[in-house]
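Tertiary structure, described
What follows is the residue order along each chain.
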Amino acid sequence: MHNPFLGKDVISILDFDRKALEILFEYTDRARRYLNTKLRVLEGKVVALAFFEPSTRTRLSFEVAAKRLGADVIGFTGEEAISVAKGENLADTIRMLNSYANLIVLRHRFEGAAKFAAEIADVPVVNAGDGKQHHPTQAMIDLYTVRTLFETIDGLTYAVVGDLRYGRAATSFIYGLTLFKPRKIYLISPPLLRARPEVLETLRMKGIPFEERSGIEDVISEIDVLYVTRIQKERFPDPMEYEKVKGSYRITVDLLRNAKPELKILHPLPRVDEIDFRVDETKHAAYFIQASYGVPVRMALLTLILGGEL
Amino acid sequence: MHNPFLGKDVISILDFDRKALEILFEYTDRARRYLNTKLRVLEGKVVALAFFEPSTRTRLSFEVAAKRLGADVIGFTGEEAISVAKGENLADTIRMLNSYANLIVLRHRFEGAAKFAAEIADVPVVNAGDGKQHHPTQAMIDLYTVRTLFETIDGLTYAVVGDLRYGRAATSFIYGLTLFKPRKIYLISPPLLRARPEVLETLRMKGIPFEERSGIEDVISEIDVLYVTRIQKERFPDPMEYEKVKGSYRITVDLLRNAKPELKILHPLPRVDEIDFRVDETKHAAYFIQASYGVPVRMALLTLILGGEL
Amino acid sequence: MHNPFLGKDVISILDFDRKALEILFEYTDRARRYLNTKLRVLEGKVVALAFFEPSTRTRLSFEVAAKRLGADVIGFTGEEAISVAKGENLADTIRMLNSYANLIVLRHRFEGAAKFAAEIADVPVVNAGDGKQHHPTQAMIDLYTVRTLFETIDGLTYAVVGDLRYGRAATSFIYGLTLFKPRKIYLISPPLLRARPEVLETLRMKGIPFEERSGIEDVISEIDVLYVTRIQKERFPDPMEYEKVKGSYRITVDLLRNAKPELKILHPLPRVDEIDFRVDETKHAAYFIQASYGVPVRMALLTLILGGEL
């Protein structure tokens, strides 16, 4: 089998094609069989987790993935990351990790940080989220979740809801969908938080039907996959503006009354209050299953990049 | 052998009986033989340490215990724990850990946090201290220490000294003693920091002789086990009040002049100044031995819960 | 082979002699062959990293070294270290680590902290930097780098540049050189930051030719090894004073025009701006190679102390 991930950096979901992702998904299916086993696939490898921006969920799932595969894990986060960032330039930090580890997982708030790191490091760099657009491993998990729930990613109607302007998970998911053949994508956000021009341009180029909307209600009955993300108050210059819109982007049992029975709700988590807790009990809630795929998808990815077998 | 810990949550020491603890103690005896060995008992298991409230001592001893048994360990503490707590509700955090790990160790300042977590998680939850009453693994260590030093827990006279109102280690130790047959327990504290009514009620129900006291001096000559805990200045509305009482709860060589030769002093550590350093040199000081049992007791407990053999 | 490190504490580079270091260097050569292998040399051992003062670079390289050798690693740093330090006295913390681990790596800002810890602990203590003078494992890395680049440490002309008064890496390197036969050492610093009297005294006692200087330019053409360290603004009572001198201690391509072709530049890293980035491209830059020896030197040291074989 050709391994399109071997030795590669993972900067954007758009670095890969559908075929590559299908290989990843097959590996993920296999990884799920080993969730109670200590493997030796990556024994002798060191994975460095450099979380300049905190994300416990992403960090821990990479850590579990690497350890389940037999790799050793080092890294920093939180206060320590801040002091590393203050103490030296990113290039020198990456050189350090490059000399200690066989693979670097990087999270950073600056656009392009992962690409920059990949140019410096000899070892592969995996982007665990940088800037406003790219969080490719989250998109891999999201796409894998859809594929597992619906047995296909093609031909479904999607709605991506929330902050489409600054939310990297939402943007990466949309980018990921462009590698497949969705029937239609609704981009649902407050006018201030519309998807960026380059995202729309990518959708157009790939010939994917999409529509921008400000509300969910009118389209809820058409949707197969509802991808929800957080809207941060801080994005609004006027707090009153936020209070006015936030209700419209909250998923409630009431809103779901008109949904298809097969509708599934995804969310990259953590959520604040954009999904009502009562929704958890419905058959639509798929975000906890989705979260549980974080480890096996990352196991598959690390294995493929470092040339292991599952 | 029946394993009363198999798959169980550990929320309070009162969840177990004397027989269960005796099995734990036997396992601890065995674990102590392996303190220089990497075991494979829990290989393939992941233990999550979620320390919403910091405690380096407890965290590290759980970590060493899990690693010595071959488990992988993930987790968070300090600043990261604070930002996790801010970022999402506890239920969602527990669901995340539940999907990554085979066992969750939780420390939290809120009463009932461990029980709440146990209701949400499918995997076992071990309370590493929550609220004001429960720190069951500390009580297990303390009881094991007594058993090792005296070859019995029954028939001894105990004094539990310090903050009996808010101190969870002291309260858990008292609860633990009610599973055995102590000759008598002196509860020694400033009037403001007396043991809670439910603690006294438990003692009465189990028919254990006890007496509340404000000073140690009068009873020091009767005591076999002196369990000392810290009194925090912050508990006193008036700082002068604190200054007035603190001397009376300080263990000094002088105070010990009237002690039985076999008296042993325990302390859950860290201590500030409630035990004078000169006491360390006396044959009464047992708190460092006690601390050293933190790892083997927790090894035994993790092994039993996860169905391993030692 | 006699192992002069077996069971020993490592407090100062002066605790060892040339012969001991040569054994360490041979072990380091061997360790470099295993940088992609998980060894079992220290399986069953636990290494505690107690970083009361942050240093991600040193911490991570100890961590990788220990893990590559099969040891388990525990520890604390950053905020957690601060709260440990506030919560109890250093002696009790060391006793705790002593009961959990087979070796303690300690970093602390107080002079003599490592020696103090070594007196309390039964297990070996490795000083990962304390106070203003001692950072012995950094000196080992630096000396190993010189030996690897020049095939000898003897007979070369050295310049040690920067803060020689408070900089523990520079001081430890000078101490390390006194175990060999350098042709000459230039000590180059602003007058305020001259080497301490005890350093000069050691040089004199060992009969090593040295000269104190305030500038690099005049001697650059004589030097084989240029050891550069940071000068912190905070050292100067008058910030203007700092601005005046800092340029003179900055290594630029321009300055290197008069250097020998074989000149190599070392730096313990992280650097701020004391070495211009354009110098990185020159054949003189050896600081990244030097950094990459952090792991194998520490692997060799841990192996020797704990009685393993490589």
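Residues numbered from 1 in each chain as written. Chains lettered and ligands numbered in written order. Predicted model: local features only at pLDDT ≥ 70, side-chain atom pairs only at ≥ 80, totals over all residues. Heavy atoms only, no water.

What follows is about the packing of helix H4 (residues 90-100) of chain C against helix H5 (residues 113-120) of chain C. Residue and element names in this part refer to chain C. Two elements in contact, H4 and H5, have axes separated by 9 Å at closest approach and are oriented at 55°. By the angle between their directions, the pair H4 and H5 is classed as oblique. Pair H4 / H5 crosses with right-handed handedness. Between H4 and H5, the contacting residues are Leu-90, Ala-91, Ile-94 and Arg-95 on the first element and Ala-113, Phe-116, Ala-117 and Ile-120 on the second. Considered class by class, the residues forming the contact of H4 with H5 number seven nonpolar, no polar and one charged. (Axes fitted to C-alpha atoms, helices over the stretch in contact; angles between N-to-C directions. Helix = DSSP H or I, 4+ residues; strand = E, 2+ residues; numbered from the N terminus. Parallel < 35°, antiparallel > 145°, perpendicular 65-115°, else oblique. Left-handed = near helix turned anticlockwise from the far one by under 90°. Contact = heavy atoms within 4.5 Å. Nonpolar A, V, L, I, M, F, W, Y, C, P; charged D, E, K, R; others polar.)

Moving on: the relation of the copies chain B and chain A. When chain B is fitted to chain A, the residual RMSD is 0.0 Å, and the transformation amounts to a turn of 120° plus an axial shift of 0.0 Å. Expressed as a symmetry operation, the mapping of one chain copy onto the other fits a three-fold axis. Across chain B, the smallest distance between a C-alpha and the rotation axis is recorded for B:Glu79, namely 4.2 Å. Here only 5% of the interface residues in chain B have copies in chain A that are interface residues too; the copies meet through unlike faces. (Least-squares fit on C-alpha atoms with pLDDT ≥ 70 in both.)

All names here are of chain B. Spatial strand order, E2-E1-E3-E4: four strands in an open sheet with parallel pairing. The outermost strands of the open sheet, each flanked by one partner alone, are strand E2 (72-76) and strand E4 (125-130). The sheet shows a mean angle of 15° between the axes of neighbouring strands, taken without regard to direction. Taken together, the five bridges between strand E1 (residues 46-51) and strand E3 (residues 103-108) define a ladder with parallel strand orientation. Within E3, the residue paired with Leu-49 across the bridge is Val-105. Helix H3 (residues 78-87) rests against E1 and E2 of the sheet, and its axis sits at about 70° to E2. (Pairing = 2+ DSSP bridges.)

Residues and elements named next belong to chain B. Assignment of secondary structure puts Asn-127 in strand E4. Overall, Asn-127 belongs to the buried group, its relative accessible area being 0%. A polar contact of 2.9 Å, which involves the side chain of Asn-127, links it to the side chain of Asp-130. When residues no more than four places from it in sequence are discounted, the contact partners of Asn-127 are Val-10, Ile-11, Leu-106, Ala-114, His-134, Pro-136 and Thr-137. (Buried < 20%, exposed > 50% of the residue type's maximum accessible area, 1.4 Å probe, protein only. Polar contact = N/O pair within 3.5 Å; in protein donor to acceptor, adjacent residues only side chain to side chain.)

On to the relation of the copies chain C and chain A, then. When chain C is brought onto chain A, the operation consists of a screw motion whose angular component is 120° and whose axial shift is 0.0 Å, with 0.0 Å RMSD remaining. Mapped onto chain A, only 4% of the interface residues of chain C again fall at the interface, so the copies present different surfaces.

Taken together, the contact pairs 22 residues of chain B with 26 residues of chain A. The three residues of chain B that bury the most area against chain A are B:Asp72, B:Glu80 and B:Tyr100, which together make up 27% of that side's buried surface. Where chain B touches chain A, the interface holds five salt bridges. Residue B:Glu43 pairs with A:Arg40 through a salt bridge whose shortest N-O separation is 3.2 Å. For the interface between chain B and chain A, the tally reads twelve residue pairs in polar contact (both at pLDDT 80 or more). For the side of chain B that touches chain A, the secondary structure elements donating two or more residues are E2, H3 and helix H4 (90-100) of chain B. For the side of chain B that touches chain A, the element with the highest residue contribution is H4(B), accounting for six residues. Tallied by class, the residues present in the side of chain B that touches chain A amount to eight nonpolar, six polar and eight charged. (Buried area = accessible area lost by both parts, 1.4 Å probe. Salt bridge = Lys/Arg side-chain N within 4 Å of Asp/Glu carboxyl O.)

Our focus in this paragraph is the environment of C:Arg250. All names here are of chain C. Looking at the element boundaries, Arg-250 is found in the loop between helix H9 (239-246) and strand E9 (264-266). We classify Arg-250 as partly exposed; its relative accessible area is 31%. Once residues lying within four places of it in the same chain are set aside, the contact partners of Arg-250 are Leu-255, Asp-273, Glu-274 and Asp-276. Here the side chain of Arg-250 touches Asp-273 through a polar contact of 2.5 Å, landing on its backbone oxygen.

With that settled, the discussion passes to the confidence of the model for chain A. Across chain A, the average pLDDT comes to 95, with 100% of residues at 70 or higher. Under the prediction, the complex receives an ipTM of 0.95, its pTM being 0.96. (pLDDT = per-residue confidence, 0-100.)

Attention now goes to the packing of aromatic side chains. On inspection of all chains with the given rule, the structure shows 24 aromatic pairs over all chains. The interplanar angle of 55° and the centroid separation of 5.7 Å between the aromatic rings of A:Phe25 and A:Tyr144 together place this pair among those described as tilted. In this pair, A:Phe25 is assigned in helix H1 (residues 18-31) and A:Tyr144 in helix H6 (residues 136-150), connecting sequence segments 119 residues apart. This pair shows no difference in class: A:Phe25 is buried, exactly as A:Tyr144 is. Between the aromatic rings of B:Phe52 and B:Phe76, the centroid separation amounts to 5.3 Å while the plane-to-plane angle is 75°, which identifies the pairing as edge-to-face. Pair noted here: B:Phe52 is in the loop between E1 and helix H2 (56-68) and B:Phe76 is in strand E2, with a separation of 24 residues, a long-range link. When sorted by exposure, B:Phe52 lands in the same class as B:Phe76, which is buried. (Phe/Tyr/Trp six-rings, centres within 6.5 Å; stacked < 30°, edge-to-face > 60°.)

A few words on the environment of C:Gly215. All names here are of chain C. Within the fold, Gly-215 resides in the loop between strand E7 (210-213) and strand E8 (225-228). Taking the relative accessible area as the measure of exposure, Gly-215 reaches 27% and is therefore partly exposed. When the C-alpha atoms of Gly-215 and Val-272 are compared, they prove to be 19 Å apart, with 57 residues separating the residues in sequence.

Moving on, we get to the interface of chain C and chain A. On the chain A side, the residues contacting the 25 residues of chain C number 22 residues. On inspection of chain C and its partner chain A, the count reaches five salt bridges. Between C:Arg271 and A:Asp92 there is a salt bridge whose closest N-O contact spans 2.6 Å. Along the contact surface separating chain C from chain A lie twelve residue pairs in polar contact (both at pLDDT 80 or more). Of all the elements, helix H2 (residues 56-68) of chain C adds the most residues to the side of chain C that touches chain A, at nine residues. Across the side of chain C that touches chain A, the residue classes tally to eight nonpolar, six polar and eleven charged.

Another point: the packing of helix H1 (residues 18-31) of chain C against helix H6 (residues 136-150) of chain C. Residues and elements named next belong to chain C. Viewed as axis vectors pointing N to C, H1 and H6 meet at an angle of 75°, and their least axial separation amounts to 11 Å. Classified by the interaxial angle, the pair formed by H1 and H6 is roughly perpendicular. Side by side, H1 and H6 meet where Leu-21, Leu-24, Phe-25, Glu-26, Thr-28 and Asp-29 of the first sit next to Met-140, Leu-143, Tyr-144 and Arg-147 of the second. A class-by-class count of the residues in the contact of H1 with H6 yields six nonpolar, one polar and three charged.

Turning our attention to the sheet that holds E7(C). Two modes of strand pairing occur in sheets, parallel and antiparallel, and in both the strands are linked by backbone hydrogen bonds. Residue and element names in this part refer to chain C. One open sheet holds the five strands; their spatial order is E7-E6-E5-E8-E9, and the pairing between them is parallel. Where the open sheet ends on each side, the last strands, each with one partner, are E7 and E9. Sheet twist, expressed as the mean angle between neighbouring strand axes with direction ignored, is 20°. Summarising the sheet, strand E5 (residues 157-161) and strand E6 (residues 184-188) pair through five bridges and their orientation is parallel. Bridge pairing in E6 places Ala-159 opposite Tyr-186. Against the sheet, H6 touches E5, E8 and E9, its axis set at about 170° to E9. Docked against the sheet, helix H8 (residues 197-205) engages E6 and E7, running at close to 150° with respect to E7.

By the definition in use, this model includes 84 salt bridges over all chains. The closest approach of N and O atoms between B:Glu80 and A:Arg59, which form a salt bridge, is 2.9 Å. You can see B:Glu80 sitting in helix H3 and its partner A:Arg59 sitting in helix H2 (residues 56-68), one on each of two chains. A relative accessible area of 11% places A:Arg59 in the buried class. Ionic contacts of the salt-bridge type, sharing partners, join the residues A:Arg40, A:Glu43, B:Arg40, B:Glu43, C:Arg40 and C:Glu43 into one network.

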